[in-house]
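# Structure at a glance
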Amino acid sequence: MTEQTRVTTAELFFDVVFVFAFIQVTTLMTGGTNELGVLHGLLVLTMLWWSWSLFAWLGNRVRANYGCVRLVLLATVPVMFVLAVNTREAFRDAPGGGPYTPTVFVATFFVLRLFYLALRLYASTPLRARDALALTVPMLLAVGLLLIAARLPGSGLDDATVRWGQVALWVLAIGVDYGAALALPVPERAIFSARHWTERHSLIIIVALGEVLVSIGIAGADIPNSRGLIEASALAVVVAAALEWIYFDLSALVGEHALRDADQHGRVSLARDAYSYLHLPMIAGIILLAAGLKHVPSLVGAAPAHHRGDPLDAFGRYAMYGGVALYLLAHAMFQLRLNRLVLPVVWPRLVAVLVLLVMVPLTARISALAALGWLAVICTVTAVTEFVVSRGPRHHLRNALNEE
């Protein structure tokens, strides 16, 4: 692994599975009661993200296009796909018989982590017993907690206790997986290629933004074409494009430059905080936006004339505007963690967050299409403002990266 190493095709193939995984998460969010569905979706997304992050760390240690590493990574793809297939029933099994899906979800998650552990041990020099325990114990604890949560519906407890007990167990499992896995002193943790690391995370952002387009496309697939549906589709693309611009115009450059300039200890710290941690709320914000967009086509497509001017329901409004606000806030924190010298691009994001939060109650009084239109305007103005105020830092960073 060298500084100039790029993302491999095997890693790209692994990431393609997340196109489907993100679709499953948005479906989970919009099914059942909205509040619990969103919470379940965010919990599953958090676990999926950590699994992806572990393989991103691993891919920065060994080349994934050669030998047994490539074979094992490709063997992981069907496991990840089966995990995604079972995502919608990760908490409760659907009627109809067959294997008990929550247990299948946990078992598949366990197999996925075993693949990671095998590759991690293969790519490391012989580890001491305590180092091997630091890699395995958090994973086993998390799997055990998820298995208990999966079996709660058959425990005989009342429905409310089961619902919130599952949530509590998932939160605890996530805390163990995220906290202990990075806090425990595992040797040889390193970022060998800043370019590979930043490129891998840039690509998963693109995958998530693709879900924004897929969501409104799927939601409008069974609705006859109409002017409102065309306008909504175009506005969704504008929102996604603005969010893409905000990430790639300057932030991606800042990330690569900051990692290249840091020593090895600083690289690990930046990679953990700015990427493994702060990219999660970015992804979550995009997925919430996608879930909210699923509610738009039914109000702008072939609905009766007296419904076409109706506002979005509370879930659609909070998911769309809250999702973009979460994305921009996480982006601001990401930028500050990397380099405090690029403050000019932070304030437009924070202002946009405040505007979005103020707009949420106001969107209850305007049509769904108008709400989407105003969201596109806010995102576009934010992107344009950042472009104007960041000319100096952008020019400097591009020159510095070209010289390197």
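Here's what I pulled together on the structure shown here. (Residues numbered from 1 in each chain as written. Predicted model: local features only at pLDDT ≥ 70, side-chain atom pairs only at ≥ 80, totals over all residues. Heavy atoms only, no water.)

### Comments concerning the pattern of salt bridges
- A complete count under the given rule lists twelve salt bridges for this structure.
- With a closest N to O distance of 3.3 Å, E11 and R200 form a salt bridge. With E11 in helix α1 (residues 9-30) and R200 in helix α7 (residues 194-219), the pair connects residues that are 189 residues apart, well separated along the chain. Like R200, E11 is buried.
- Between D159 and R92 there is a salt bridge; the shortest N-O distance is 2.5 Å. Of this pair, D159 sits in helix α6 (residues 159-183) while R92 sits in the loop between α3 (67-85) and α4 (101-122); the two residues are 67 residues apart in sequence, bridging distant segments of the chain.
- A residue is classified by how much of its surface remains accessible, and D159, at 40% relative accessible area, is partly exposed.
- Look at the salt bridges and you will find they share partners, linking E11, D15 and R200 into a network. (Salt bridge = Lys/Arg side-chain N within 4 Å of Asp/Glu carboxyl O. Helix = DSSP H or I, 4+ residues; strand = E, 2+ residues; numbered from the N terminus. Buried < 20%, exposed > 50% of the residue type's maximum accessible area, 1.4 Å probe, protein only.)

### Quick word on empty space enclosed by the protein
- Here the structure, examined in full by the defined rule, presents two cavities of 30 Å³ or more.
- Forming the walls of the second largest cavity are E11, F55, L58, G59, V62, A64, V69, L73, L119 and R200.
- Elements supplying a minimum of two residues to the lining of the second largest cavity: α2 (34-59) and α3.
- With three residues, the single largest contributor to the lining of the second largest cavity is α2.
- Residues that form the lining of the second largest cavity fall into these classes: seven nonpolar, one polar and two charged. (1 Å grid on protein atoms, 1.4 Å probe; cavity = no way out; pocket = protein on both sides within 12 Å on 5 of 7 lines; lining within 4 Å. Points joined across faces, edges and corners; volume = space filled by probe spheres on them. Nonpolar A, V, L, I, M, F, W, Y, C, P; charged D, E, K, R; others polar.)

### Some points on the packing of α7 against helix α10 (residues 279-293)
- Two elements in contact, α7 and α10, have axes separated by 7 Å at closest approach and are oriented at 10 degrees. What the angle tells us is that α7 and α10 run roughly parallel. From α7, H201, I204, I205, A208, L209, E211, V212, S215 and I216 reach across to α10, where they touch H279, M282, I283, I286, I287, L289, A290 and L293.
- Residues belonging to the contact of α7 with α10 are distributed by class as follows: 13 nonpolar, three polar and one charged. (Axes fitted to C-alpha atoms, helices over the stretch in contact; angles between N-to-C directions. Parallel < 35°, antiparallel > 145°, perpendicular 65-115°, else oblique. Contact = heavy atoms within 4.5 Å.)

### So, a nonpolar patch on the surface
- Together, W245, V384, F387 and V388 make up an exposed nonpolar region whose accessible area comes to about 350 Å².
- For the nonpolar patch, the leading source of residues is helix α14 (residues 368-389), giving three residues. (Patch = residues over 30% accessible without salt bridge, like charges linked within 9 Å, V, L, I, M, F, W, Y side chains within 5 Å. Areas by Shrake-Rupley, 256 points an atom, 1.4 Å probe, with all protein chains shown as cover.)

### Describing α4
- With 22 residues, α4 extends 32 Å from end C-alpha to end C-alpha; this agrees with the ideal 32 Å at 1.5 Å per step.
- Those residues of α4 that fall on the buried side of the exposure criterion are T101, P102, F105, V106, T108, F109, L112, R113, Y116, L117, L119 and R120. (Expected span 1.5 Å × (residues − 1).)

### Digging into the side chain of Q24
- With respect to the helices and strands, Q24 occurs in helix α1.
- Among the residues examined, Q24 registers a relative accessible area of 5% and is labelled buried.
- Of note is the side chain of Q24, whose polar atom sits 3.1 Å from the backbone oxygen of A84.
- Ignoring anything within four residues of it in the chain, the contact list for Q24 reads A84, V85, T87 and R88. (Polar contact = N/O pair within 3.5 Å; in protein donor to acceptor, adjacent residues only side chain to side chain.)

### Points about the nonpolar core
- Counting residues in each nonpolar core, the largest one holds 131 residues, and the members touching the most others are F18, W170 and L375.
- Top contributing element to this core by residue count: α2, with 15 residues.
- With sequence-adjacent residues up to four places away left out, L375 is seen in contact with V239, L289, M320, Y321, V324 and L356. (Core = buried A, V, L, I, M, F, W, Y, C linked by side-chain atoms within 4.5 Å.)

### Concerning the side chain of T101
- Mapping T101 onto the fold places it in helix α4.
- Overall, T101 belongs to the buried group, its relative accessible area being 10%.
- In terms of polar contacts, T101 uses its side chain to reach the side chain of E89, at 3.0 Å.
- Once residues lying within four places of it in the same chain are set aside, the contact partners of T101 are N86, E89 and D93.

So, to be careful, I would describe these as geometric facts and stop short of saying anything about function.
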